[in-house]
Structures are given as C-alpha cells and as structure tokens.
Amino acid sequence: MTSKSTKIIAVANHKGGCGKTTTVVHLASELADLGTNVLVIDLDPQANASLHIGSRHPSEIEITSAELLVGDLNLISEAIEDETNFKNVSLIYGSLNLGKTEDQLKDDAPRPSEELSNKLELLKGLYDFILIDCPPSLKLLTSNALAASTHVIIPIESGSQYGLYGVTDLTNHLSKIRRVNPELKLLGALLIKHDERQNVCKLIKNEALNQVGELLNTTIPISTKVNQAAILQQSLLRVDKNSKVRKAFQDLAKEIVKRVK
Ligand SMILES: Nc1ncnc2c1ncn2[C@@H]1O[C@H](COP(=O)(O)OP(=O)(O)OP(=O)(O)O)[C@@H](O)[C@H]1O
Ligand SMILES: [Mg+2]
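Residues numbered from 1 in each chain as written. Chains lettered and ligands numbered in written order. Predicted model: local features only at pLDDT ≥ 70, side-chain atom pairs only at ≥ 80, totals over all residues. Heavy atoms only, no water.

1. Section: the side chain of T23
So, step 1. In this structure, T23 sits in helix α1 (residues 20–33).
So, step 2. Within the local environment of T23, its side chain forms a polar contact with the backbone oxygen of G19, the two atoms lying 2.7 Å apart.
So, step 3. With residues up to four places along the chain from it excluded, the contact list for T23 reads V11, A28, P155, L190, I192, F249 and L252. (Helix = DSSP H or I, 4+ residues; strand = E, 2+ residues; numbered from the N terminus. Polar contact = N/O pair within 3.5 Å; in protein donor to acceptor, adjacent residues only side chain to side chain. Contact = heavy atoms within 4.5 Å.)

Shown next, in the form of structure tokens:
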C-alpha cells in the first residue's frame, strides 16, 4: 500500500442533534465515492453512526472504541471492521460502554485526553481520511477526538434560532486542545438544514461566521431523505443519487479534499 498523508477530521459540537453523525456518515460515503480510503471512528455511546454504517449491531462487537481507548495499542487492528454497509468505508464501532470510558481514562490514563491520538499513530499512512463522530458533550471523549485530529468541522443547525447556543464554549475548548495538539485546524462551521431564503438561516450564517471564524462554502439543505437513509442504513448515493441533499454532501466532500491539501 502506498503511504498516504492521513487527514483526521473530528466532527464536533456539544449541542445535541445538530447533525454531527449525519455529516460523518454521508461525508464518509462521498469521500469514498471520490476514490479515497475512509475510516469512521464512532466515539458516541449512542452509536448512531455505527447503527447506520455497520453491518452488525454495536452490542455484538468485542472491541469497540470504548475498549480501544482504555486498552493496549495492539487492539487497533482488531477494532477496525472493514465490512460495512458502505463501500470503501471501514468502521471502529461505538458502544454503550463508552459511557464508562471517561471515568476509566481519568482514573488510569497518564494523559487522559491523548489516548486516542496514541492509538491512531499506527494508522497514519493507511487511510486518506479518518472521520471521528463525537458525542454531544465537551468532556474527555470529545477532547480525545480533538487531540487526535488534524482538522475539525463544527456542524450548526441553521434552521434553529438556538443553533449557535454554546458555540463559544466550543471555540474556547479548541484553544485549550491546541496546547496538546497545535496542528489542529478549523475547517469551519457547516450549516445544516440551511435554506438561504429563510431569514433565520441568513442570521445564523452571519453569526456563525462571527463566532466560529470560518465557514465552509457548502451548506446542507433539509431533506427527509436523511432520515430515510438512516432507517435503510444506506448512503444517500443509494437512496437518491440525484437528490439535492446528496449533491450537497458530494460538494462537501470535494470541498474538504481541496481544503486539506
Ligand atoms: N439535512 C437534514 N435534513 C433533515 N434532517 C436532518 C438533516 N441532518 C440531520 N437530520 C436529522 O436530525 C437529527 C439529528 O441529526 P444527527 O443525529 O446527525 O445529529 P447529532 O449532532 O449527531 O446528534 P447527537 O448530538 O445526538 O449525536 C436526526 O434525526 C437526523 O436524521
Ligand atoms: Mg450523533
């Protein structure tokens, strides 16, 4: 295998339901469709990304990200599942066990926020992209994702007046993480359920640029196809190749490929 310069992208926002998992899942599928090798790491105890991408149920998996975070370096190869519902997308499953992981890391790890980073060292060069789905909190799981990443995307729910609530806590958190990971670059805020014609969306767009400092050019429209894809455990490519929302994720993948060069 040729050596690649692996880009590790955390998709983070402690606000619940803003589109983190949807972004990870469909960005992974579109990056793979562009011919890149992708690994998804699910760091959320809800394991929604695993339920969508994985061909098995998270509860059946012996080595998930929970066991990996608190275990030995050599667990990494066992943790990676190459057989998934998406072509050219591998997965490290999340599981309910992640609920205990933060306490275990605090008690046992010499550097509690750097365990994932240590474990991913061995994967550098093997994948073009590693995408990390974060839980809706700013605690140790998200810190581990950010400390391990080269880039971060912040999804913001554009159609909601509360979309930006707490986002400055997140940008402050990024500054703290840069003390251990100075390389971490902000790709920008990604507007989810965005509709340029709606005033609330226009307001959120301006405010997102103000508060986050960077905005991705691509925006994601609202579409029932997103829930449909999750229920069917399929990519938008399979559900409706020509839909607006699929094209948006395809544009996002192209934009990301350009920006990380
Ligand atoms: N563009 C969209 N159009 C319509 N529905 C969407 C869109 N993006 C996300 N959703 C829906 O919004 C809900 C929340 O999305 P998602 O699960 O991706 O958010 P999240 O940030 O991962 O949530 P959590 O914080 O719980 O992990 C889901 O039901 C998802 O299907
Ligand atoms: Mg999620």
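Here the narrative resumes.
2. Structural notes on the pairing of strand β4 (residues 89–92)
The side chains of a regular strand alternate between the sheet's two faces.
So, step 1. Alternating residues of β4 divide into V89 and L91 and S90 and I92, and every residue in both groups is buried.
So, step 2. Relative to β4, strand β2 (residues 38–42) is paired through 4 bridges, and the arrangement is parallel. Across the sheet, L39 pairs through a bridge with S90, a residue of β4.
So, step 3. The sheet contact formed by strand β3 (residues 80–81) and β4 spans 2 bridges and is antiparallel. Its bridge partner being in β4, E81 is matched across the sheet by L91. (Buried < 20%, exposed > 50% of the residue type's maximum accessible area, 1.4 Å probe, protein only. Pairing = 2+ DSSP bridges.)

3. Examining the UniProt feature "domain: AAA" (unreviewed entry) in the protein chain
So, step 1. The sites that UniProt annotates as "domain: AAA" (unreviewed entry) are residues 6–185.
So, step 2. Structurally, residues 6–185 comprises 37% helix and 16% strand, and the distance from its first C-alpha atom to its last is 14 Å. (UniProt positions renumbered as here; feature names shortened; annotations may be inferred.)

4. Brief notes about the pairing of strand β6 (residues 151–157)
So, step 1. Taken across its 7 residues, β6 has 7 buried, putting it largely inside the fold.
So, step 2. Residues of β6 alternate between two faces, with H151, I153, P155 and E157 on one and V152, I154 and I156 on the opposite face, all of them buried.
So, step 3. Two elements, β6 and strand β7 (residues 185–192), share 7 bridges in a ladder whose sense is parallel. Residue pairing for β7: H151 is matched across the bridge by K185.
So, step 4. For the crossover that starts at β6, traverses helix α8 (residues 167–177) and ends in the parallel β7, the hand is right-handed. (Right-handed = clockwise from strand over helix to strand, strands pointing away.)

5. Observations concerning the layout of surface pockets
So, step 1. Looking at the largest pocket, its volume works out to about 560 Å³.
So, step 2. What lines the largest pocket is a set of 27 residues, among which G19, T21, T22, V226 and N227 lie closest to the centre.
So, step 3. Secondary structure elements with two or more residues in the lining of the largest pocket: α1, α2 (48–53) and α10 (225–232).
So, step 4. Sort the elements by how many residues they give to the lining of the largest pocket and α1 lands first, with 5 residues.
So, step 5. Grouping the amino acids of the lining of the largest pocket by side-chain chemistry returns 12 nonpolar, 12 polar and 3 charged.
So, step 6. When its volume is computed, the second largest pocket comes out at roughly 240 Å³. (1 Å grid on protein atoms, 1.4 Å probe; cavity = no way out; pocket = protein on both sides within 12 Å on 5 of 7 lines; lining within 4 Å. Points joined across faces, edges and corners; volume = space filled by probe spheres on them. Nonpolar A, V, L, I, M, F, W, Y, C, P; charged D, E, K, R; others polar.)

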